[in-house]
Amino acid sequence: IELPEHRTYMMRFNSIGDSRLFITIHDTVLVAGLDGSVIAMTELEGVRSAIYADGYIYCGLRKWTDDSRIYGGVTSLSTNGDSIWTHITSSGGVSRAAPIIRDDVVYYGTTEYDGAVEALDAETGELLWRTTGHWTYDLILENNVLYGMDGKGPWAMDATDGRLLWYTEVSIGFGGMNIVYLDGYLYHTHSGLLWVLDAVSGEVVHTIPAPDGAALLRMGVSSDRVFLQTGAHWYCFTPYDPTKDTE
């Protein structure tokens, strides 16, 4: 994909769907074909993510006001770049975790001020519920439960009404790495450890120190494996098994 030089700043591939790529490039949403052809390019101030779902693009926003306050929200676009609706929150920007769209609901969280997590009607942008008190540096949805990471530890909320189910601080430090879910457990890296938490209770059930002494970075899962990226290597683990746990 060839673009004017100034548009390559902070280029992020966000999602793929309906044989198209959805990319954000510094205040611009780009829709491209799988052959690299540009289908649509829409200017959108503060866009940080562009997620395709059910024929529409849902964009997370983080912008500054004239009085230096940060605000954000979600904009819905057609695949041609036409605006459908915009919902704005004063609780900070949607800068780290992209919106999640499931069953006609858009879920997202902010990373400043009172730390809002909100659910919107995907068709209209109407606010369905709002919960404050935890920032969102990562966000996943499993079994109708939202799991997020606020910098000090993971949290869980009921996706139906935003009720906080649990919050577990895993360290006095601050970190923004992702969380992943597999078979009833959450995996998260923080403060030089890989943390394993019970997804229902939030209880820490196991920790693993950095295997090579390097910084612990991103995590991923497949149907039966857990993957860890450090500053030096990639690692593959079998999932946590409480019957085989040893300290």
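Quantities reported herein were computed from a predicted structural model and do not represent experimental measurements.

Draft legend 1. Here's a closer look at the sheet that holds strand E22 (residues 226-230). Strand order in this open sheet of 3 strands is E21-E22-E23, and the pairing throughout is antiparallel. Pairing within the sheet leaves two strands with one partner each, and these edge strands are strand E21 (216-221) and strand E23 (234-237). Adjacent strand axes in the sheet meet at a mean angle of 20° when their direction is disregarded.

Draft legend 2. Expanded view of the sheet that holds strand E8 (residues 83-89). Pairing within the open sheet is antiparallel, and its 4 strands lie in the order E5-E6-E7-E8. The open sheet is flanked by strand E5 (47-53) and E8, the only strands paired with a single partner. Direction aside, the axes of adjacent strands within the sheet are offset by 15° on average. Where E5 lies against strand E6 (residues 56-64), 6 bridges are found, and the strand directions are antiparallel. Residue Ile 51 lies in a different strand from E6, and its bridge partner there is Tyr 58.

Draft legend 3. Local environment of a negative patch on the surface. On the surface, a cluster of negative charge is contributed by Asp 54, Asp 103, Asp 104 and Glu 123. By the secondary structure assignment, Glu 123 is in the loop between strand E11 (116-121) and strand E12 (127-132).

Draft legend 4. Geometry of the environment of Asp 198. Here Asp 198 shows up in strand E19 (residues 193-198). Along the primary structure Asp 198 and Trp 85 are separated by 113 residues, whereas in three dimensions their C-alpha atoms are 37 Å apart. In contact with Asp 198, not counting residues within four places along its chain, are Trp 166, Gly 184, Tyr 185, Glu 203 and Val 205.

Draft legend 5. Geometry of the environment of Val 145. Position of Val 145 relative to the elements: it lies in strand E14 (residues 145-149). Judged by relative accessible area, Val 145 falls into the buried class, the value being 14%. Sequence separation between Val 145 and Leu 217 is 72 residues; the distance between their C-alpha atoms is 24 Å. Setting aside residues up to four positions removed in sequence, Val 145 forms contacts with Ile 140, Ala 156, Met 157, Ala 159 and Leu 165.

Draft legend 6. A look at the pattern of salt bridges. For the coordinates displayed, the defined rule picks out 7 salt bridges. Two residues, Asp 114 and Arg 130, come together in a salt bridge whose shortest N-O distance is 3.3 Å. Of the two residues, Asp 114 is situated in the loop between strand E10 (105-109) and E11 and Arg 130 in strand E12; the sequence distance between them amounts to 16 residues. The exposure class assigned to Arg 130 is partly exposed, which follows from its relative accessible area of 36%. Across the pair Asp 158 and Arg 163 runs a salt bridge whose closest N-O atoms are separated by 3.1 Å. By relative accessible area, which is 15% here, Asp 158 ends up buried.

Parameters at a glance
Residues numbered from 1 in each chain as written. Predicted model: local features only at pLDDT ≥ 70, side-chain atom pairs only at ≥ 80, totals over all residues. Heavy atoms only, no water. Pairing = 2+ DSSP bridges. Helix = DSSP H or I, 4+ residues; strand = E, 2+ residues; numbered from the N terminus. Axes fitted to C-alpha atoms, helices over the stretch in contact; angles between N-to-C directions. Patch = residues over 30% accessible without salt bridge, like charges linked within 9 Å, V, L, I, M, F, W, Y side chains within 5 Å. Areas by Shrake-Rupley, 256 points an atom, 1.4 Å probe, with all protein chains shown as cover. Salt bridge = Lys/Arg side-chain N within 4 Å of Asp/Glu carboxyl O. Lys, Arg positive; Asp, Glu negative; His and termini not counted. Charge placed at Lys NZ, Arg CZ, Asp CG, Glu CD. Contact = heavy atoms within 4.5 Å. Buried < 20%, exposed > 50% of the residue type's maximum accessible area, 1.4 Å probe, protein only.

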